[in-house]
Amino acid sequence: MSGDHYLELCENPVQFENASSVNNVFFDEANKQVFAVRSGGATGVVVKGPDDKSSVAFRMDDKGEVKCIKFSIGNKILAVQRTPKSVDFINFMPDYPHLEFSQECKTKNATVLGFCWINWNEIVFITDQGIEFYQVLPDKRSVKLLKSQSINVNWYQYCPETAVLLLSTTVQGNVLQPFTFKNGTMSKMSKIEIELPVVPKPAKLSLSERDIAVATIYGQLYVMYLKHHSRAANSAEVVLYHLPREGSSKKSHVLKLNTTGKFALNVVDNLVVVHHQSSQTSILFDVNLRDPDCAVNVHQPVLPARSIHPCRIPLTGPAAVPTQPPVPCELYSSSWSVFQPDIIISASEGYLWYLQVKLPPAVNLLQDKGKLMEFLLRRQDCKMVILSVCSQMLEEEGKGSLPVVATVFDKLNQVYKDYLEAEHTYTVAMESGPSRGHASQKRPVRTQAVIDQSDMYTHVLSSFTERKGVSHKFIIAVLMEYIRSLNQYQINVQHYLYELVIKTLVQHNLFYMLHQFLQYHVLSDSKPLACLLLSLESTYPPAHQLSLDMLKRLSTANDEIVEVLLSKLQVLGALRFIRSVGSHDNVSARKFLDAARLTEDPMLFYTVFHSFQQRNQRLRASPAFHPGEHCEEHVTHFKELFGEQALMKPATV
């Protein structure tokens, strides 16, 4: 159990002064900044961001209790809400005066529930009677209304990644109206009606802000609704409503929690994480691991419930001593606040953590290798874990049965093929030029899920073939299964995989099988493969002919075939071959004459010499060798053997 915590808090949390009677803590989801405001700002405001560089400290006049405080994007303008009617602004840009100016909401009798910065100088006020979209003009110390919308609002949520604002409307609060902001414009999106487990009579606010979260999962925007069932016997569930940019939203996924109680939601690495306070455990859901039989996808947790990995934090407060060792952090504390997508804050302890998923523990918790691969292939840092799973799968023949191995290889090669096709499409589009409408096409990103042949060869297959105690039949079957899978997805098999097969066959003296693989083209022809076969001739003599046959089939390897034949002093065979492929007129005569002399067979030398004299006669109307061919020593040798009269005379007309 101790080693299977698949969730952990980040190693270097953001530390801030913990909440107290004199120190109020605020969190800005857009900039991921924590504000520690002491005495209304009079004795200091410290702003801590995701990294140390974004830390800011300043003072401001205490003009009453701070209800909300946020920087605009880039820390250019500070907005502070102290009253139910207005928001104050302070310039933080170097060239502008560091003075406050204020803006009241336009709607009479309205109360400002809060505000959200859209970018460095655009802000939206959310009131109980609607929303007001403003442009802040720091040089004029004024604010300009861009657009407003009247609508009754109970509460709101803002998703900074997509600039979507979600408003809870109607008496029951279950009709959610989203707005999207882009380039200074505000647009209404299609509303979502949340199905309540029980409709109260008389009607009253029944949908709480804490039961709704907005998050992007696999590039799609979802509203997540934590649905608590009314009867204790029934368990809770998370309902996901897909929120498209255009068109109506719809209920698309149901995540079964199989328990009741207090829950909180995060999204990490496209996984929905549901924290359960009373059991102090969390569970993961992957909405892309689909059940094809369901119209609305109903999901069970991918992995069994586990606690977040225990961690330790330095002791804080008056009892703290610098040399004191860190103390265990209280996980699933009632003081924890959870923010989207992956943030957990403990205001009482003064820590902000990013939640992280650890993949290695998941390997032992998900026994179905096919499902495990689907799960891992969708994660960010998956490559080494996937390769490790492949190695483990092949360790024991019983467990790593071939059908399972085949399933895993196919899942890997499907992703590999998709990437290769995307890369090819991009290359073709770029070559055709931007005039064809491809100017906006982006190069496909090679994620860690792309496991290519080099990865498999280096990290899995080469060490697997050398493993002791594994039957050679199983080794060859696995290698051939991987090659089959590559062929199935029409991926060109790299020669080093074929070499691995051949070396394994030779190592176990399985020459009959090697012959069959080559004869039936199970191993595809290539020059490197032909050269490997040549090197095996001393161990397996027929490999020489197999190599030559392969080179002939390649038709682009004529030079290599000639070199091979001449190195074996098969000079007449080499001559016959170059004639058969029509390259007799272009080859080097000296190379052939060198080989003929090495045979120490005078008649063979005569035949070869005479053959090239005939060629010279046909091409240049003279049997003599051209000086550039450097055949003088061979002419001399011919004369010594057969006399000058044996030299061919120029043909006369």
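Only a predicted model underlies this, so the values are computations on that prediction, with no experimental measurement involved.

S.K.: Explain the nonpolar core residue by residue, including any values.
M.R.: One finds Phe-375, Met-456, Leu-523 and Phe-592 to be the most contacted residues of the largest nonpolar core, which totals 117 residues. Counting residues per element, this core draws most heavily on helix α6 (residues 472-488), at nine residues. If we ignore the near neighbours within four places in the chain, the residues touching Met-456 are Leu-387, Cys-390, Phe-409, Leu-412, Ile-451, Leu-461 and Tyr-482. Grouped together as the second largest cluster of nonpolar side chains are 19 residues, Ile-217, Tyr-222, Met-224 and Leu-255 included.

S.K.: Before we move on, could you go through the sheet that holds strand β12 (residues 122-127) and cite the residues and values that matter?
M.R.: In spatial order, the strands read β11-β12-β13-β14; together these four strands make up an open sheet with antiparallel pairing. Across the chains shown, the open sheet's two edge strands, defined by having one partner strand only, are β11 (112-117) and β14 (142-150). The mean angle between the axes of side-by-side strands here comes to 20°, regardless of whether they run parallel or antiparallel. Summarising the sheet, β12 and strand β13 (residues 130-137) pair through six bridges and their orientation is antiparallel. By the bridge assignment for β13, Thr-127 is matched with Gly-130.

S.K.: Provide a residue-level description of the pattern of salt bridges, including the pertinent values.
M.R.: Any two side chains of opposite charge can pair, on the condition that their charged atoms come close. Counting across every chain of the model gives 22 salt bridges. With a shortest N-O distance of 2.2 Å, Glu-17 and Arg-38 are connected by a salt bridge. Within this pair, whereas Glu-17 is found in the loop between β2 (14-15) and β3 (23-28), its partner Arg-38 is found in strand β4 (residues 33-38), the two being separated by 21 residues in sequence. Classification of Arg-38 as partly exposed rests on a relative accessible area of 29%. Among the ionic pairs, Glu-423 bridges to Arg-443, the shortest N-O distance being 2.6 Å. Within this pair, whereas Glu-423 is found in helix α4 (residues 402-432), its partner Arg-443 is found in the loop between α4 and α5 (453-465), the two being separated by 20 residues in sequence.

S.K.: Can you lay out the environment of Asn-109 for me, pointing to particular residues and giving the numbers?
M.R.: Counting through the fold element by element, Asn-109 comes out in the loop between β10 (100-104) and β11. Considered as a pair, Asn-109 and His-472 are 363 residues apart in the sequence and their alpha carbons are 83 Å apart. Apart from residues lying up to four places away in sequence, Asn-109 is in contact with Lys-85 and Gln-129.

S.K.: How would you summarise the packing of aromatic side chains if you had to cite specific residues and measurements?
M.R.: In this structure the tally under the stated criterion is 22 aromatic pairs. Ring centres of Phe-409 and Tyr-482 lie 5.1 Å apart, and the angle between their planes is 70°; this geometry places the pair in the edge-to-face category. Of this pair, Phe-409 sits in helix α4 while Tyr-482 sits in helix α6, and the two are 73 residues apart along the sequence. Under the relative-accessibility criterion, Tyr-482 is labelled buried at 1%.

S.K.: Tell me about unusual backbone geometry, residues and numbers included.
M.R.: In this model, Gln-340 is joined to Pro-341 through a cis peptide bond whose omega is -5°. Positionally, Pro-341 belongs in the loop between β30 (336-339) and β31 (343-346). Although it is not a glycine, Arg-141 sits at a positive phi angle of roughly 50°. Along the chain, Arg-141 falls in the loop between β13 and β14.

S.K.: Can you lay out the packing of helix α3 (residues 383-393) against α5 for me, pointing to particular residues and giving the numbers?
M.R.: As a packed pair, α3 and α5 sit with axes 9 Å apart at the nearest point and diverge in direction by 55°. In terms of axis orientation, α3 runs oblique to α5. By crossing handedness, the relation of α3 to α5 is classed as right-handed. Where α3 approaches α5, its residues Lys-383, Met-384, Leu-387, Cys-390 and Ser-391 are matched on the opposing element by Asp-455, Met-456, His-459 and Val-460. Classifying every residue of the contact of α3 with α5 by side-chain character gives five nonpolar, two polar and two charged.

S.K.: Describe helix α15 (residues 632-642), with residues and values.
M.R.: Considered for burial, the residues of α15 that qualify are His-634, Val-635 and Phe-638. Looking straight down α15, one finds its buried side chains confined to an arc of 105°; they lie on one side. Where α15 is buried, its residues contact α13 (589-598) and α14 (602-620). Looking one or two residues past α15, Gly-643 carries a phi angle of roughly 85°, positive in sign.

Calculation notes
Residues numbered from 1 in each chain as written. Predicted model: local features only at pLDDT ≥ 70, side-chain atom pairs only at ≥ 80, totals over all residues. Heavy atoms only, no water. Core = buried A, V, L, I, M, F, W, Y, C linked by side-chain atoms within 4.5 Å. Buried < 20%, exposed > 50% of the residue type's maximum accessible area, 1.4 Å probe, protein only. Helix = DSSP H or I, 4+ residues; strand = E, 2+ residues; numbered from the N terminus. Contact = heavy atoms within 4.5 Å. Pairing = 2+ DSSP bridges. Axes fitted to C-alpha atoms, helices over the stretch in contact; angles between N-to-C directions. Salt bridge = Lys/Arg side-chain N within 4 Å of Asp/Glu carboxyl O. Phe/Tyr/Trp six-rings, centres within 6.5 Å; stacked < 30°, edge-to-face > 60°. Parallel < 35°, antiparallel > 145°, perpendicular 65-115°, else oblique. Left-handed = near helix turned anticlockwise from the far one by under 90°. Nonpolar A, V, L, I, M, F, W, Y, C, P; charged D, E, K, R; others polar. Arc of directions from axis to C-beta.

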